[in-house]
Amino acid sequence: MTLEPSSALSIRSLSKVYGNGLVALNSVSLDVMPGDFFALLGPNGAGKSTTIGIISSLVRKSSGTVSIFGNDIDQNFSHAKQCIGVVPQEFNFSVFEKVQNIVVNQAGFYGVPRHQALASSEALLRQLNLWEKRNEPARNLSGGMKRRLMIARALVHQPKLLILDEPTAGVDIELRRSMWEFLTEINRAGTTIILTTHYLEEAENLCRNVAIINKGEIVENTSVKKLLKQLNREVFILDVRDELSICPVISQYQLRLRDSHSLEVEVEKGQPLNDLFQQLAEQNIAVVSMRNKVNRLEELFVTLVQKHERQERVGGGL
Amino acid sequence: MTITQQWIAFRTILRREITRFTRIWVQTLIPPVITMGLYFVIFGHLIGERIGQMGGFDYMSFVVPGLVMMAVINNSYSNVVSSFFSAKFHRSIEELLVSPTPSYIILLGYVAGGVLRGLVVGGIVTFASTFFTNFIIENPWLTVFVILLTSSLFSVAGLINAIFANSFDDISIIPTFILTPLTYFGGVFYSISMLPEFWQGVSQFNPILYMVNAFRFGFLGVSDVNVNLAVSGIAGMLVVAYLFAWYLLQKGRKLRS
């Protein structure tokens, strides 16, 4: 397989074996196109952070190649690094430094002149609602502010590719939504974004393409739309207006009474819901709201990871 | 990175280092001055008056270059070892590692920070010594050259120590168990000509003896060792230490997994 020169990120046969013998990545190949909003999903220990670590040069690869906007990280180290901004999973700044200094210094490490770095840092800190805290030591920031600070720091040299390793972990819902808006905005402005996350709702809402990694191997790499099409059935929760004492019987649908005010219904792919609502109306049951029981992507994710693990067990037994 | 970008990166590291040691000036700049002031009072003034002359100078004048050098060595070393290890400990070193800043610029930036702190403390200690004795610097260029070489060498050594250190205990082992004894036995307080012949020979293996004496030669024009050999030796050690530190950074030893 050859590197895809037009990709924002092109990974070929990437492997990583740690000193203790742990195989973190096993011949991973992946392409992310410019302008994409890409999700890298996987359970804990799947190899997501190792992949990001190799791309950002914090982890040494055992074999394989990585190219960022056509710049091989081994042969064209400086150009490759200029193209990326990384928001790691854990806080990695000096808590004693002032907020703006952290951002301005990072620009300096990329060779951005100080006057330009000051202007860019101001714009980013304002956008991320941190400007009022610019002269505070970073230790005085809340967890959510620290995450936003790392995003500002990663963007200050205007990278073409932004990589975020679980950026909304431990962030409250309101702040998570505002971070989603911010990321969507910069993606629209042309920045390619790669995101790892445990919140599958995040990937479903933000990302166009997705790769699922498990035990160091890519088990799925497709668009979110195509992936969701693989769902054969969905479970919906229907909230009803009036109290129910028994579960209604509706032909062709399997219903279950969750509690006195909600029902659970399993629907096959392509099965229309009109008939269900009609039959419920005939029984004087008024549905006031409806939602998915579990996140759709989450369901697929679990299915794919379990399938991969079953295949591995069968392969191991041969 | 272009040369201009590398220069910006270097200046950024240096500015950050200056900000760090001036922010905590009570910990970084004041203690060495107090310590050296006590040395001046006790060894130079109170005890020194009873000692009389050493190397052709009154004892106070004799110990001043050694004490200045001791302050420069300790501060250059401790600045880099604590700054770099803290960055490693808090993982803020990753800010530099993910950037395109080349290893030699990272090294030069930290070393420049260590040298600068060494020079600031050395300057303050020299100024403080003028309250206790009068002296004229015999060879200012040599004095400056030796102080720059020595502070660079110990800054690089501090960085190497920080790379290998796994805990804050590890960054105090070398200063406590190696640097301090070598400094005290390195001719700061005495001329090795006072020692029995055997111990004079043993002292020749102490690298700090050459640094203190080369510096004292610049200050007073007297030395227990060959000054050319001393300066070449310090320069040689600096080159070896610099290349080793650069190799460690380049390979990401204990920095990249």
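What counts and what doesn't
- Residues numbered from 1 in each chain as written.
- Chains lettered and ligands numbered in written order.
- Predicted model: local features only at pLDDT ≥ 70, side-chain atom pairs only at ≥ 80, totals over all residues.
- Heavy atoms only, no water.
- Helix = DSSP H or I, 4+ residues; strand = E, 2+ residues; numbered from the N terminus.
- Rg over C-alpha atoms; globule rule 2.2 N^0.38 Å.
- Buried < 20%, exposed > 50% of the residue type's maximum accessible area, 1.4 Å probe, protein only.
- Contact = heavy atoms within 4.5 Å.
- Lys, Arg positive; Asp, Glu negative; His and termini not counted.
- Charge placed at Lys NZ, Arg CZ, Asp CG, Glu CD.
- Domains from an automatic or database assignment.
- Right-handed = clockwise from strand over helix to strand, strands pointing away.
- Phe/Tyr/Trp six-rings, centres within 6.5 Å; stacked < 30°, edge-to-face > 60°.
- Polar contact = N/O pair within 3.5 Å; in protein donor to acceptor, adjacent residues only side chain to side chain.

### Focus on the overall build of chain B
For chain B, the helix and strand inventory stands at 11 helices and two strands. Along its sequence from the N terminus, chain B presents helices and strands in the succession α-α-α-β-β-α-α-α-α-α-α-α-α. The C-alpha atoms of chain B give a radius of gyration of 19 Å, which matches the 18 Å a tight globule of 257 residues would have. Seen along its three principal axes, the alpha-carbon backbone of chain B occupies a region of about 60 × 35 × 35 Å. Within chain B, the proportion of its 257 residues that are buried is 52%. Of the contacts made within chain B by residues no fewer than 6 positions apart, 83% connect residues no fewer than 24 positions apart. Put simply, chain B has 14 plus and 10 minus side-chain charges, and the middle of one group is 15 Å from the middle of the other.

### Things to note about helix 3 (residues 99-109) of chain A
Among the 11 residues in helix 3 of chain A, 10 count as buried, and that is most of the element. Every buried residue belonging to helix 3 of chain A is among Val99, Gln100, Ile102, Val103, Val104, Asn105, Gln106, Ala107, Gly108 and Phe109 of chain A, and all of these are buried. Buried residues in helix 3 of chain A make contact with helix 4 (114-127) and helix 5 (143-155) of chain A together with helix 1 (3-23) and helix 5 (93-97) of chain B. After helix 3 of chain A finishes, the residue Gly111 of chain A shows a positive phi value of roughly 80°.

### Structural notes on the domain arrangement of chain A
Looking at the assigned domains, one finds that chain A contains domain 1 (9-228) and domain 2 (230-296). Between the C-alpha centres of domain 1 of chain A and domain 2 of chain A there is a distance of 40 Å.

### Section: the pairing of strand 8 (residues 192-196) of chain A
All names here are of chain A. The buried count for strand 8 comes to five of five residues, which makes it a mostly enclosed element. Burial of strand 8 is two-sided: the residues Thr192, Ile194 and Thr196 facing one way and the residues Ile193 and Leu195 facing the other way are all buried. Handedness of the β-α-β unit built from strand 7 (residues 161-165), helix 6 (residues 173-188) and strand 8 comes out right-handed.

### Let's talk about the packing of aromatic side chains
Residue and element names in this part refer to chain B. Tallied over the entire structure, the rule returns 13 aromatic pairs over all chains. Measuring from ring centre to ring centre gives 5.5 Å for Tyr39 and Phe189, while their planes differ by 50°; the resulting arrangement is tilted. Within this pair, whereas Tyr39 is found in helix 3 (residues 30-51), its partner Phe189 is found in the loop between helix 8 (170-184) and helix 9 (197-203), the two being separated by 150 residues in sequence. Note on Tyr39: relative accessible area 12%, which makes it buried. Ring geometry for Phe40 against Phe132: centres 5.5 Å apart, planes inclined by 35°, an arrangement best described as tilted.

### A short note on the environment of Asn75 of chain B
Residues and elements named next belong to chain B. Within the element layout of this structure, Asn75 appears in helix 4 (residues 59-89). A relative accessible area of 5% places Asn75 in the buried class. Between the alpha carbons of Asn75 and Leu116 there is a distance of 9.4 Å; along the sequence they are 41 residues apart. Once residues lying within four places of it in the same chain are set aside, the contact partners of Asn75 are Thr28, Pro32, Arg117, Gly118 and Val121. A distance of 2.7 Å separates a polar atom in the side chain of Asn75 from the backbone oxygen of Ala71. A polar side-chain atom of Asn75 sits 3.0 Å from a polar atom in the side chain of Arg117.

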